[in-house]
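Observations on the three-dimensional arrangement
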Amino acid sequence: MSVGLPGIEGQFSTILADPPWRFRNRTGKVAPEHGRLNRYQTLSLEEICDLPIANHATEPAHLYLWVPNALLPEGLQVLSAWGFEYKTNLIWYKTRKDGGPDGRGVGFYFRNVTEILLFGVRGRLRTEAPGRRQVNLIPHRKQEHSRKPRAFHELIEECSRGPYLELFAREAVPGWTQWGDELDTYMETRRVAPGYRGGIES
């Protein structure tokens, strides 16, 4: 019998994941585990790759994987380790209230105002009709650290079929099965699956 994530039962046609990536430079302000900021606990690349995500994916299925710009190679490695083939990406263009680029972005070489959502497929499964009309640059205002716009959940619901599973979720979204220990970070928790508690086991 295949072993899955604690608290999650069944398989899902669409999976969205925002892993707690560990940066190489753990003292930089971009790093979640920066000593002064101490935002949240992270996982190594090996720990993320070893998560039994394939056991929760139907055949075929879609995967949407958030990855910081600096960790693009690691993101592609995780996507493959979870049993998906990279196809394309969506880019979140972080904006200010006036629509201009949010200059608070970080980076050692350039000021990052984008974040990448990798898209992979298990088996053969096209996006729904709205996806084939959707451009891959999505401008949206930046919010709290690591919080992703709700607009991406809505986009995924239009472009990929359910049921939907979100991993390392930080905000409860109706209609999704969600797994993570930070679901109450931004609003009251709903449909929480027990499991992740700062590591890969319950």
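All of the points below concern the structure found in this document.

What follows covers helix α3 (residues 150-159). Where α3 is concerned, the buried positions are F152, H153, L155, I156 and C159. The arc that holds every buried residue of α3, seen down its axis, measures 165°, which confines them to one face.

Moving on: the side chain of T95. Along the chain, T95 turns up in strand β3 (residues 85-95). Within the local environment of T95, its side chain forms a polar contact with the backbone nitrogen of R141, the two atoms lying 3.4 Å apart. Ignoring anything within four residues of it in the chain, the contact list for T95 reads G100, D102, P139, H140, R141 and K142.

Before going further, it helps to spend a moment on the pairing of β3. Examined bridge by bridge, β3 and strand β4 (residues 114-122) share 8 bridges and lie antiparallel to one another. Bridged to N89 within β4 is L118. Here β3 pairs with strand β5 (residues 137-141) via 5 bridges, running parallel. Bridge pairing links Y93 to P139 in β5.

One pass over the full model with this rule turns up 8 salt bridges. Ionic pairing is found between K148 and D18, a salt bridge with its closest N-O pair at 2.9 Å. Placement of the pair is K148 in the loop between β5 and α3 and D18 in the loop between β1 (12-17) and α1 (45-49), with a sequence separation of 130 residues. For D18, a relative accessible area of 8% translates into the label buried. Two residues, E59 and R122, come together in a salt bridge whose shortest N-O distance is 3.2 Å. Note that E59 is positioned in strand β2 (residues 57-67) and R122 in strand β4, a separation of 63 residues in sequence.

Keep in mind that most residues, glycine aside, have a negative phi and that most peptide bonds are trans. That bond from E59 to P60 is cis: its omega, 10°, falls within 30 degrees of zero. Relative to the assigned elements, P60 resides in strand β2. The omega torsion across G162 and P163 is 5°, close enough to zero to call that bond cis. Turning to its location among the elements, P163 is positioned in the loop between α3 and β6 (164-167). Of note in this structure, F168 is not a glycine but carries a positive phi near 60°. Tracing the chain through its elements places F168 in the loop between β6 and β7 (176-179). Taking the relative accessible area as the measure of exposure, F168 reaches 5% and is therefore buried.

Take the packing of aromatic side chains next. Scanning the model with the defined rule gives 6 aromatic pairs in all. Ring geometry for W66 versus F152: centroids 4.9 Å apart, planes at 75°, classification edge-to-face. Taken as a pair, W66 in strand β2 and F152 in helix α3 lie far apart in primary sequence, 86 residues in all. Through a chain of ring-to-ring contacts, the aromatic side chains of W66, W92 and F152 assemble into a single cluster. When the ring centre of W92 is taken as origin, the NZ or CZ atom of K94, which lies over that ring, is 4.8 Å away. It is K148 that lies over the ring of W66; its NZ or CZ is 5.2 Å from the centre.

Here is what the cut-offs are and how they apply
Residues numbered from 1 in each chain as written. Predicted model: local features only at pLDDT ≥ 70, side-chain atom pairs only at ≥ 80, totals over all residues. Heavy atoms only, no water. Buried < 20%, exposed > 50% of the residue type's maximum accessible area, 1.4 Å probe, protein only. Helix = DSSP H or I, 4+ residues; strand = E, 2+ residues; numbered from the N terminus. Arc of directions from axis to C-beta. Polar contact = N/O pair within 3.5 Å; in protein donor to acceptor, adjacent residues only side chain to side chain. Contact = heavy atoms within 4.5 Å. Pairing = 2+ DSSP bridges. Salt bridge = Lys/Arg side-chain N within 4 Å of Asp/Glu carboxyl O. Phe/Tyr/Trp six-rings, centres within 6.5 Å; stacked < 30°, edge-to-face > 60°. Lys NZ or Arg CZ within 6 Å of the ring centre and 35° of its normal.

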